[in-house]
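# Residue-level structure breakdown
The lines below spell out each chain.
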Amino acid sequence: MAPLSPAQKKLLQWLNGIAGVGHLASAIVLVALASNEETWRPALRTRYEVWNRLQSCDSGDTVATSTSDSNCFITSRKATEAYGIDVLWMCFFFAFWSGIVHLVSLVSLSGPRWLQFRETYIQDIEAKYNRFRWLDYIGSASVMIVVIAIYSGIDETWFLVDIGLAQAIVIFFGAYGE
């Protein structure tokens, strides 16, 4: 574990500064694009099961029967268009979150020594580990995988929540494993 040279620290400062400003600039551009809401608001659906009472039970039906009487029920899947999710704001969050994490990394390299995380960050970089990168990925990659899923045709609300959580968990365990 070799300490960072002043040239390496300066390079990291520049790279984090450029990445932070670039992400924040793209966040501003995304907000400026908010005027075209049709292309940014795909509809999401919520599906649920409904029990329907049948007039008579046929032997070929896959039904649930009541033991107390001769009522038969069959389920059918209903879908409701729950709402439209604003993908623009999800993309804005991705860019803004990444920009803030890069700028915090920049401050931790060049900020005053009293910053609580400064020494930890420098020690982590020297050990070839970057907590801020994993923090960035947990937020931004989870949001982006949900956006990709939406534009790939997945419109089930709970599937999208599961996809985002699964991505965050995978990244968390990746950070833990590193």
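Residues numbered from 1 in each chain as written. Predicted model: local features only at pLDDT ≥ 70, side-chain atom pairs only at ≥ 80, totals over all residues. Heavy atoms only, no water.

On to the pattern of salt bridges, then. Tallied over the entire structure, the rule returns two salt bridges. We note a salt bridge from D124 to R131, for which the minimum N-O separation is 2.4 Å. Note that E178 and R133 form a salt bridge whose closest N and O atoms lie 3.0 Å from each other. Note that E178 is positioned in the segment after α5 (157-177) and R133 in helix α4 (residues 131-151), a separation of 45 residues in sequence. For E178, a relative accessible area of 45% translates into the label partly exposed. Using a relative accessible area of 29% as the deciding quantity, one classes R133 as partly exposed. (Salt bridge = Lys/Arg side-chain N within 4 Å of Asp/Glu carboxyl O. Helix = DSSP H or I, 4+ residues; strand = E, 2+ residues; numbered from the N terminus. Buried < 20%, exposed > 50% of the residue type's maximum accessible area, 1.4 Å probe, protein only.)

The volume enclosed by the largest pocket comes to roughly 290 Å³. Considering the residues around the largest pocket, the lining is formed by 16 residues, among which N16, Y121, I125, N130 and R133 are closest to the centre. Looking at the lining of the largest pocket, the elements with two or more residues in it are α1 (6-32), α2 (87-110), α3 (118-126) and α4. Take the lining of the largest pocket: its biggest share by element is four residues, from α4. Here the residues of the lining of the largest pocket are counted per class, giving eight nonpolar, four polar and four charged. As a volume, the second largest pocket reaches approximately 180 Å³. (1 Å grid on protein atoms, 1.4 Å probe; cavity = no way out; pocket = protein on both sides within 12 Å on 5 of 7 lines; lining within 4 Å. Points joined across faces, edges and corners; volume = space filled by probe spheres on them. Nonpolar A, V, L, I, M, F, W, Y, C, P; charged D, E, K, R; others polar.)

A word on the environment of L135. Topologically, L135 is positioned in helix α4. Taking the C-alpha atoms as reference points, L135 and I171, separated by 36 residues in sequence, lie 8.9 Å from one another.

As a further point, take the side chain of S140. Positionally, S140 belongs in helix α4. Judged by its relative accessible area of 4%, S140 falls in the buried class. If sequence neighbours within four positions are ignored, S140 has contacts with F94, W97 and S98. (Contact = heavy atoms within 4.5 Å.)

Compared with the 39 Å implied by 1.5 Å per residue over 27 residues, the 39 Å span of α1 between its first and last C-alpha is a close match. Buried within α1 are the following residues: Q13, N16, G17, G20, A27 and L30. The inward-facing, buried residues of α1 abut α2 and α3. (Expected span 1.5 Å × (residues − 1).)

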